[in-house]
Amino acid sequence: MASVIENAIRGTVTKGIGVVAEFNRKRMPDQDHPFLTGIHRPMDREVTLEDLPVTGTIPAELDGRYLRIGPNPAKPEAKGYHWFVGDGMVHGIALKQGKALWYRNRWIRSKQVATETGMPAAPGPRHASFDTVNTNVLGIAGRTWALVEAGSYPVELSDTLDEQTYNPFDDTLLGSFTAHPHLDPRTGENHAICYEATQPDLVRHVVIDRDGRVVRELPIKVQHGPSIHDCAITDRYALILDLPVTFSMKALIGGHGFPYRWNPDHQARVGLLPRNGGEDEIIWVDCPQTYIFHVANAYDTADGKVVLDACVYDTMFAEATGGPSGTSLGLERWTIDPVAKAIDRRTIDASAQEFPRPDERFFGQAYRYAYTMALPAKDEFVTSATKLYKHDLEAGTREVHEFGDGRLPGEFVFVPRDDNAPEGDGWMVGLVIDLPHETTDLVILDATRFAEPPVASIRIPHRVPPGFHGNWVANG
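Values in this document were obtained by computation on a predicted structure and should not be read as measured data.

## Comments concerning the confidence of the model for the protein chain
Working step 1: For the protein chain, per-residue confidence averages 94 on the pLDDT scale, and 96% of positions sit at 70 or higher.
Working step 2: Low pLDDT, under 50, characterises residues 1-13; the stretch is placed with three contacts to residues that sit more than four places away or in other chains.

## Overview of the environment of Tyr367
Working step 1: The residue Tyr367 is located in the loop between strand 24 (353-358) and strand 25 (369-374) in this model.
Working step 2: Sequence separation of Tyr367 and Asn297 is 70 residues, and the distance between their C-alpha atoms is 8.2 Å.
Working step 3: Leaving out residues up to four positions away in the same chain, Tyr367 has contacts with Ala296, Asn297, Tyr299, Asp309, Arg333, Pro358, Phe362, Leu393 and Glu423.
Working step 4: Within the local environment of Tyr367, its side chain forms a polar contact with the side chain of Asp309, the two groups lying 2.6 Å apart.

## A closer look at the pattern of salt bridges
Working step 1: Under the criterion given, the structure shown has 34 salt bridges.
Working step 2: As a salt-bridge pair, Asp159 and Arg65 come within 3.6 Å of each other at their nearest N and O atoms. Remark: Arg65 occurs in strand 3 (residues 64-71) and Asp159 occurs in the loop between strand 8 (155-157) and strand 9 (164-166); sequence separation between them is 94 residues.
Working step 3: According to the relative accessible area criterion, Arg65 is buried, its value standing at 5%.
Working step 4: The closest approach of N and O atoms between Arg449 and Asp446, which form a salt bridge, is 3.0 Å.
Working step 5: The partly exposed category is assigned to Arg449, whose relative accessible area is 43%.
Working step 6: Owing to a relative accessible area of 7%, Asp446 belongs among the buried residues under this scheme.
Working step 7: A single salt-bridge network, built from bridges that share partners, covers Arg417, Asp425, Asp446, Arg449 and Glu452.

## Notes on the pairing of strand 12 (residues 202-208)
Working step 1: Counting buried positions over the seven residues of strand 12 gives six, a clear majority of the element.
Working step 2: Hairpin remark: strand 11 (residues 190-195) followed by strand 12, antiparallel, with six residues in the connecting loop.
Working step 3: Note that strand 12 and strand 13 (residues 214-221) share seven bridges and pair antiparallel. Residue pairing in the sheet places Val203 in a bridge with Ile220 of strand 13.
Working step 4: Counted along the chain from strand 12 to the antiparallel partner strand 13, the turn is five residues long, and its residue Gly212 has a positive phi close to 85°.

## Looking at the sheet that holds strand 13
Working step 1: Taken in spatial order, the four strands make up an open sheet running 10-11-12-13, and their pairing is antiparallel. Each having just a single partner strand, strand 10 (182-183) and strand 13 make up the two edges of the open sheet.
Working step 2: Across six bridges, the pairing between strand 11 and strand 12 is antiparallel. Note that in strand 12 the partner of His191 across the bridge is Val207.

## A few points about the environment of Ala21
Working step 1: You can see Ala21 is positioned in helix 1 (residues 4-26).
Working step 2: A C-alpha to C-alpha distance of 9.6 Å links Ala21 and Lys250, two positions 229 residues apart in sequence.
Working step 3: If we skip the residues at most four places from it in the chain, Ala21 touches Leu252, Ile253 and Gly255.

## Structural notes on the packing of aromatic side chains
Working step 1: By the definition in use, this model includes 20 aromatic pairs.
Working step 2: With a centroid separation of 5.8 Å and an interplanar angle of 80°, the aromatic rings of Phe293 and Tyr313 are classed as edge-to-face. Here the residue Phe293 occupies a position in strand 20 (residues 291-300), and Tyr313 occupies one in strand 21 (residues 306-313), the gap between them amounting to 20 residues.
Working step 3: Each ring, one from Phe293 and one from Phe317, has its centre 6.0 Å from the other, and the planes form 75°; the classification is edge-to-face. A residue pair is termed long-range when its members are at least 10 positions apart, and Phe293 in strand 20 and Phe317 in the loop between strand 21 and strand 22 (328-337) qualify at 24 residues. Taken individually, Phe293 and Phe317 each receive the classification buried, so the pair is uniform in this respect.
Working step 4: Within the aromatic cluster, the residues linked to one another by ring pairs are Phe35, Trp83, Phe84, Tyr195, Phe247, Phe258, Tyr260, Tyr291, Phe293, Tyr313, Phe317 and Phe468.
Working step 5: Its guanidinium or amino end placed over the ring of Tyr369, Lys390 lies 4.7 Å from that ring's centre, counting from NZ or CZ.

## Brief notes about the sheet that holds strand 6 (residues 136-140)
Working step 1: Taken together, four strands build an open sheet; the order of strands is 6-7-8-9 and the sheet is antiparallel. Both outer strands of the open sheet, strand 6 and strand 9, are each paired with one neighbouring strand and no more. Put simply, the sheet's adjacent strands are angled 30° from each other on average, direction ignored.
Working step 2: In terms of strand pairing, strand 8 meets strand 9 through three bridges, oriented antiparallel. Paired with Val155 across the strands is Tyr166, a residue of strand 9.

## Digging into unusual backbone geometry
Working step 1: In this structure, Phe169 takes a positive phi of about 50° despite not being glycine.
Working step 2: What makes Phe169 buried here is its relative accessible area of 0%.
Working step 3: In this structure, Asp171 is a non-glycine residue whose phi angle is positive, near 65°.
Working step 4: Structurally, Asp171 is set in the loop between strand 9 and strand 10.

Rules used throughout
- Residues numbered from 1 in each chain as written.
- Predicted model: local features only at pLDDT ≥ 70, side-chain atom pairs only at ≥ 80, totals over all residues.
- Heavy atoms only, no water.
- pLDDT = per-residue confidence, 0-100.
- Contact = heavy atoms within 4.5 Å.
- Helix = DSSP H or I, 4+ residues; strand = E, 2+ residues; numbered from the N terminus.
- Polar contact = N/O pair within 3.5 Å; in protein donor to acceptor, adjacent residues only side chain to side chain.
- Salt bridge = Lys/Arg side-chain N within 4 Å of Asp/Glu carboxyl O.
- Buried < 20%, exposed > 50% of the residue type's maximum accessible area, 1.4 Å probe, protein only.
- Pairing = 2+ DSSP bridges.
- Phe/Tyr/Trp six-rings, centres within 6.5 Å; stacked < 30°, edge-to-face > 60°.
- Lys NZ or Arg CZ within 6 Å of the ring centre and 35° of its normal.
- Axes fitted to C-alpha atoms, helices over the stretch in contact; angles between N-to-C directions.

This is how it looks when you write it as structure tokens:
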């Protein structure tokens, strides 16, 4: 536990760095920013729309809300801006009895958003002075949460998105959280690996029980301040992705809003942490010097190994581009041997792709289907491509859903037809930007007829800027 004197010194140094960073930020040249213009131009207001037009037939089983969140600066400023740090805005579409009831977009009301818009800041305790929340939105224990990594506490949202409260899981979370907790469908627990820039020598394994309360917050020693965006679980382990993107004091002092960079001196490794084990029980396995944003799934094999499927990059943030920078190596399968401490690496599909999602009822278990969003040309992250992929991992095949010229999908989520449906029997749901018309559709695909035209499309009469993660939150 840091002493009062240590905290005072740290606070003084942090303020000094902040002053230098702001000075250097103001000296940056004025220029159009690729993540603030074009398809990424932010929305400038909150709206509520009812009785949205529908093409096709919305399945009656879809009773709930599709929610998606992403960066949407209330007062865009190109100098030092990075896509990952923009003010959060959540978008929601409510479906019930075959109808699209409403669309709403709402800023997450951080202190900065309150200053920039004049709206009141959301109540509740803050963990960090930078309280922007912009990366994921999902249901945990029957409640809706907006999430970010490495900083702010989560924000609890009402069903209509109008009420917001910063809430550390009813005062059970001590530190920062993650954008990617993963639900174990067998136990009802959510597992997360959490980090923050103010503690570069530690990450934490956090477990939330089925009632939405933190029951484990295990500190784990690391080096260099790694950025750990996602994690995975199996029946035996929580997987820690300690990869070569780490905190950069040079980037911070230079005025860059996102102070993480590719660090070739940081040895990439995967940690296999026994689900209820201590730090000394972690099995660390060196892995290729690559980066992973998102995991499709992981599971144990009968011979004691661990399978990890993920979208992999050769590097990430090696350049200051204002967003992701690196070459996609496609969807890969890593088979990790905890005894030999070795990894067998195999390419499932070398096409550029991101946002892998399984049927979440099978997370942490052997599974068959993974769904991904295609990326466009090499090193291009400003827009998506026009198609989604469905991977049959047993058959070794791939199906493609093509949306057509100028129609750009984001991450799609799988929604099962019912709780007892076989794996893959359900719908894929997500937003598709119609760039030529500056509109957006919530599109519903039948996952069993993946390449066929959508079951239904709900028209939103404006462009919803590309964002990060979306999820289906069922009613009741």
